[in-house]
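Structural description and commentary
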Amino acid sequence: MAAGAAGRSSGGRPGGSARSGRTADGRRTADGRRACRTAWGAVLVVGRVELRRRWAAVVLLGLVAGLAGAVVVGSVALAARTSSAYSRLVAASSAEDARVMVLDPSQVPAVTALPQVQAAWTSLVTVGKLGSEDLVYVSISSGQPRPPGLITPVPVQGRMPADTAVDEVAVDERFAREMGVSVGDVLDYTLLTVEEIYDFDQGFGEPDGPRLQLRVVGVVRMAGPTGQGVGPWFASPAYAERYAGFSPGSTLLLRLHNGYADAAALTAGLDALSADPPPGAEEFGPLRAAFAEQDGDPRVRAARHAAGIALGAFAAVTALAGLFAVGQALARHHAAGTVDQRTEATLGLTTVERVLARLLPASLGAGVAGAAAVAGGLLAGRLEPLGALRWVEPDPGWRPDVPVTVTGGLLTAGTFLVLSAVSALRAGRARADAPETPVRGVARLPGGPAAAVGVAFAFSRGRGRSAVPVRTTLVGAVLGVCGVVAATTFTASLERLDTSPHRYGWPADFAYVDAKPDVMAELAADPRVGALSLDGDASVRAGGTLLTAHAAEQRKGSFRWEVLAGRMPTADDEVALGPRLAERLGLGLGDRLELTPPEGAPRSLTVVGTVLLPVVNAEPLGSTLALTLPALRDLADGVPTMSALVRAADRDGVDELYDAYKSRLELGRAKQPEEVVNVTGMLALPRVLAAFLAALAAAALAHGLGLLARRRAPDVGTLRALGFTPAQVAVSFVVTAVTTVAVALAVGVPLGLGLGRLLWHETAAAIGVATDVDVPGDTLLALVPAAVALAVAVALLPSWRAARVRPARVLRAD
């Protein structure tokens, strides 16, 4: 009996199942195939009906999702282009692995014969005075034709000099921007003799070499610093041959067999060659190798970190805003078809089939979203890298990131389909006849009935057709406030860094190069000079490593050094370290650092501080150490280079003081280190992000109030029937907005301060500057009334609509 019943219930086929449409061995039955075709046909019919009725809404939603996806894809593509700009310039310009300045020509074969060297190019260096109002000396690199794959500056304007031209130069773009030089300019240039260059510590004086008229034929980009034996001007092999007698030496640009992996071995080989320097060249110090950018280079890491934080935050916030907006819109879109889904369920369509039926028209929206995201990624290819890194882009112009763009388009389309499926599933499970939550607490909350109702609306979600996503509204407002506060805090700290040179180790208005005693006395006696110090820079040896050391001796007034911990050294047995150097050596306050002078026993110095010092020779910020001037002279591996730091007594008199000396002294104004320039160049981005987040918070609030006005119309009708006036209804909606903003401020401000502090600490630590945050107190205080005013403004339209509700109509419809 049971077996027979089972057979009949399975369509008369033993072991089969009409429900599953398969036999016991897994083969699909004819009835099962017909059932699948019928179900799939029903899905297609419902899908076509949905598409015909709502295609315009689906396309519009897809376009909204696509715009959000386009911003995210564009931000990611721009971040990738920004962070990779310098690495790509290294490859495009075939930058050397290392460069070594060699003063004695007899040492060139010895250096190039080192086993680590694969190829080398000898850059002949000449120095001359530029004919201008300011006293400016410029070096020119020239030499025989370069080996293939080694040093190919990238022209951004014009070309490189012709091999046979002796009066043509190409100019590094950084120098061209600073000096206002462009292609076609003819520059007056007078060469220094070798003797004058060797007397640099006494001042170059008036050049005695030939006077040249050099025509600028190109502006070029090149990886690595210029002015250290390479550039900033580049001349031809013919120039090198004609003026070789005016070169004090050359710079060897080396390609190493194993790249940076050979750095230690090359340094050891150079140290061995430096044990016997050529006569007269002791003041230039030992042979040292400067290595090209590596993945661990702090300057490159800082630029990538800044771009990642700024653009990553922008992309993340945009993605969240897009998910929020599209998710809510799709929820409303599918909620309108709740009754249709219940009818379809009655006719036998399962939940999965009803969702699939709505995914068919959603595919149209997904296609629109994906296409818009791809278009955004392609358009973003026209955006240059952010900040100072735009000047190291080797491929200016349109450069789309195809992998990021295609991946972003697919992810955008897929996300749209997932959100559509989720919202359709939730709409199909909604109870259309669920009881509505009454407005509670009218009598218990202070502030009158209107205020009490407004507070209740802010926290009461409601049920059924009156349900309002109050939690989503609150979360959106909190995230908006948190983001605005974090971006504002980060911006304030970045602005302080941009306008406070002492925070990156530069306490003066300008520097005087090759300081001489008589000029120092003249500057000290000048009442326009508020502070003056005699500074020395040299290499010192710690074990087998050469470090850059700085010393300052106050001659007038005092400078504000950026001391991160402890203090500056005051005794000859004390030393202060830059933060990066301290981290690399693993030393802190109270530890001992052993330095070895050229002659004599090693000396142990006590670490008394962590400080930021002026950048010398383009080394990474925070990688130098500070000594007293007598200690520097005793420990220097060579003769220290002497200069002076000058600060004007009157902040409005800086230009006057500079102009008074610029024609006879070689002066240099404060310049931001590369790490700082890369970050401060992105100042506009956190401001844009703060504005975007403020708009996001306002949109979240407006969306929530708009839904509240529509879905709580029955509650409003009840309140009107109980005696509420239109004005009280309007006030209740304004109170709802203000309550939401109050919660967002209470939660979002402390979260934003913590997030802003964290972001700034990470950025400042990567740069190598002080990590203390600048809390914008005035701005945060102004945020409170501004947020309340914005809430009131956003609530005006929904409150006006709610006040116009007619009780009889909505209660009869309900």
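Quick summary incoming for the structure in this document. (Residues numbered from 1 in each chain as written. Predicted model: local features only at pLDDT ≥ 70, side-chain atom pairs only at ≥ 80, totals over all residues. Heavy atoms only, no water.)

**Quick look at unusual backbone geometry**
Cut-off, in case you're wondering: Partly exposed describes any residue whose relative accessible area lies between the buried limit of under 20% and the exposed limit of over 50%, with all areas from a 1.4 Å probe on protein chains only and scaled to the type maximum. Numbering of helices and strands runs from the N terminus, with a helix taken as a DSSP run of H or I at least four residues long and a strand as a DSSP run of E at least two residues long.
You will see that S94, though not glycine, has its phi angle at about 50°, which is positive. The class for S94 is buried, based on a relative accessible area of 15%. Despite not being glycine, I151 shows a phi value in the positive range, around 65°. Considering the arrangement of structural elements, one finds I151 in the loop between β3 (136-142) and β4 (154-158). For I151, a relative accessible area of 1% puts it in the buried group.

**Quick notes on the pairing of strand β2 (residues 117-130)**
Formally: The pairing criterion for strands is at least two bridges between them, as found by DSSP.
For β2 and strand β9 (residues 249-256), the ladder comprises 8 bridges, and the chain directions are antiparallel. For A119, the partnering residue across the bridge sits in β9 and is R255. Pairing analysis gives 7 bridges linking β2 to β3, with the strands arranged antiparallel. Bridge pairing links L124 to S142 in β3. Adjacent in sequence and paired antiparallel, β2 and β3 are bridged by 5 residues.

**Overview of a nonpolar patch on the surface**
What counts here: Like-charged residues within 9 Å of one another, or nonpolar side chains (Val, Leu, Ile, Met, Phe, Trp, Tyr) within 5 Å, are grouped into patches, provided each residue has over 30% relative accessible area and no salt bridge. Only the protein chains shown count as cover for residues, and the accessible areas themselves come from Shrake-Rupley with a 1.4 Å probe. What counts as a salt bridge is simple: a side-chain nitrogen of Lys or Arg found within 4 Å of a carboxyl oxygen of Asp or Glu.
A cluster of nonpolar side chains, contributed by W40, V352, L356 and L360, occupies part of the molecular surface with about 370 Å² of accessible area. Of all the elements, helix α10 (residues 351-380) adds the most residues to the nonpolar patch, at 3 residues.

**Let's talk about the environment of T610**
The condition is simple: In this analysis, two residues are considered to be in contact whenever any of their non-hydrogen atoms come within 4.5 Å of each other.
The topology assignment puts T610 in strand β17 (residues 603-612). Here the alpha-carbon distance between T610 and G622, two residues 12 residues apart in the chain, equals 9.0 Å. In this structure T610 touches E562, V563, L564, A565, L577, G578, P579 and L589, once residues within four positions along its chain are discounted.

**A closer look at the packing of aromatic side chains**
The following threshold applies: Here is the rule: rings of Phe, Tyr and Trp (six-membered ring for Trp) pair when centre to centre is within 6.5 Å. Planes less than 30 degrees apart are stacked, more than 60 are edge-to-face, and the remainder are tilted. Cation placement over rings: the criterion is NZ of Lys or CZ of Arg within 6 Å of the ring centroid and within 35° of the ring normal.
Under the definition given, this model contains 7 aromatic pairs. Seen from their ring centres, Y239 and Y243 are 4.9 Å apart, and the 50° between their planes marks the pair as tilted. Its relative accessible area of 10% is what places Y243 among the buried residues. Grouped by ring-pair contacts, the aromatic residues F175, Y189 and W233 constitute a single cluster. Over the ring of W121 we find R146, and its NZ or CZ is 5.6 Å from the ring centre.

**Let's talk about the pairing of strand β12 (residues 529-542)**
Of all 14 residues in β12, 13 are buried, a share of seventy percent or more. Both β12 and strand β19 (residues 641-648) contribute to a ladder of 8 bridges, which runs antiparallel. For D535, the partnering residue across the bridge sits in β19 and is S643. By the bridge criterion, 11 bridges tie β12 to strand β13 (residues 545-556) in an arrangement that is antiparallel. Bridging across to β13, R541 finds its partner in L546. The hairpin turn running from β12 into β13, its antiparallel successor, is 2 residues long, and G543 in that turn takes a positive phi close to 65°.

**Quick look at helix α14 (residues 517-525)**
Operational definition: To be clear, the arc concerns the directions from the helix axis to the C-beta atoms.
Listing the buried residues of α14 in full gives V519, M520 and L523. Projected onto a plane normal to the axis of α14, the buried residues spread over an arc of 100° and lie on a single side. Residues P517, D518 and A525 are exposed on α14 and point more than 90 degrees away from its buried face. Of the surrounding elements, those touching the buried residues of α14 are β11 (510-513), β12, β13, β19 and α17 (654-661).

**Some words on the pattern of salt bridges**
By the definition in use, this model includes 30 salt bridges. For R687, the salt bridge goes to E495, with nearest N and O atoms at 2.4 Å. Taken together, the residues span a long stretch of sequence, with R687 in helix α19 (residues 684-711) and E495 in helix α13 (residues 470-499) at a distance of 192 residues. A salt bridge links E656 to R528; the shortest N-O distance between them is 3.9 Å. With a gap of 128 residues between them, E656 in helix α17 and R528 in the loop between α14 and β12 connect regions that are remote in the sequence. In this structure E656 comes out as exposed when scored by relative accessible area, which is 51%. Within the structure, one salt-bridge network assembled from shared partners comprises R81, R88, E384, E393, D395 and R399.

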